[in-house]
Amino acid sequence: MTDIEFAKENAHRAHDGQTRRNGEPYTNHVARVVLQLEMNGADDEVIAAAWLHDVIEDCNITYDTFLDLFPKELAIAVYRLTRFPGVPYENYINELKKNPIATQVKLADLTDNLRDNDNHSHIERYTKA
């Protein structure tokens, strides 16, 4: 099984039963982020990180678990994509930008988040990021 297949499988398992604000399955969002990156020619490591980009933040899975399951660079990228409670958004983005894999995934994530979000404060924050 490739890292992408393993990441996809783990993302579906981790997000099972989760939905977006509009009621759609959460994995639809994740799949759209992946599709954007695939259409832009992203490499396998970026695609695998895209499948997993919200797993630490939104599911009961730790960074240490990622280190046990995935290559170190992939685990680090997913960690960088994770906004932890109490961390100001600007600080989170500034740290994330230090990792090229995380940066590519976050840009695709923000694009998809803007697609279906009518909250003006979120739109302003996502656009700035």
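Thresholds applied
- Residues numbered from 1 in each chain as written.
- Predicted model: local features only at pLDDT ≥ 70, side-chain atom pairs only at ≥ 80, totals over all residues.
- Heavy atoms only, no water.
- Buried < 20%, exposed > 50% of the residue type's maximum accessible area, 1.4 Å probe, protein only.
- Helix = DSSP H or I, 4+ residues; strand = E, 2+ residues; numbered from the N terminus.
- Polar contact = N/O pair within 3.5 Å; in protein donor to acceptor, adjacent residues only side chain to side chain.
- Contact = heavy atoms within 4.5 Å.
- Phe/Tyr/Trp six-rings, centres within 6.5 Å; stacked < 30°, edge-to-face > 60°.

1. Looking at helix 3 (residues 44-52)
Taken across its nine residues, helix 3 has seven buried, putting it largely inside the fold. Buried within helix 3 we find V46, I47, A48, A49, A50, W51 and L52. The backbone nitrogen of E45 has a side-chain oxygen 3.2 Å away, supplied by the residue at the start of helix 3, namely D43.

2. Some words on the side chain of K106
Looking at where K106 falls in the secondary structure, it is placed in helix 8 (residues 100-115). Beyond its immediate chain neighbours, meaning those up to four positions away, K106 contacts L81, Y89, Y92, I93 and L96.

3. Points about the environment of V105
For V105, the location among the structural elements is in helix 8. In this structure, the C-alpha to C-alpha distance between V105 and A48, residues 57 residues apart in sequence, is 9.7 Å. In this view, V105 contacts V33, L37, V46, A49, A50, H53 and L81; residues no more than four positions away in its chain are not counted.

4. Quick word on the packing of aromatic side chains
Per the stated rule, a full pass over the model turns up five aromatic pairs. Each ring, one from Y79 and one from F84, has its centre 5.3 Å from the other, and the planes form 45 degrees; the classification is tilted. Between the aromatic rings of Y89 and Y92, the centroid separation amounts to 5.8 Å while the plane-to-plane angle is 50 degrees, which identifies the pairing as tilted. Placement of the pair is Y89 and Y92 together in helix 7 (residues 89-96), with a separation of three residues, close to one helical turn. The exposure class assigned to Y89 is buried, which follows from its relative accessible area of 12%. A network of ring pairs unites the aromatic residues F6, F66 and F70 as a single cluster.

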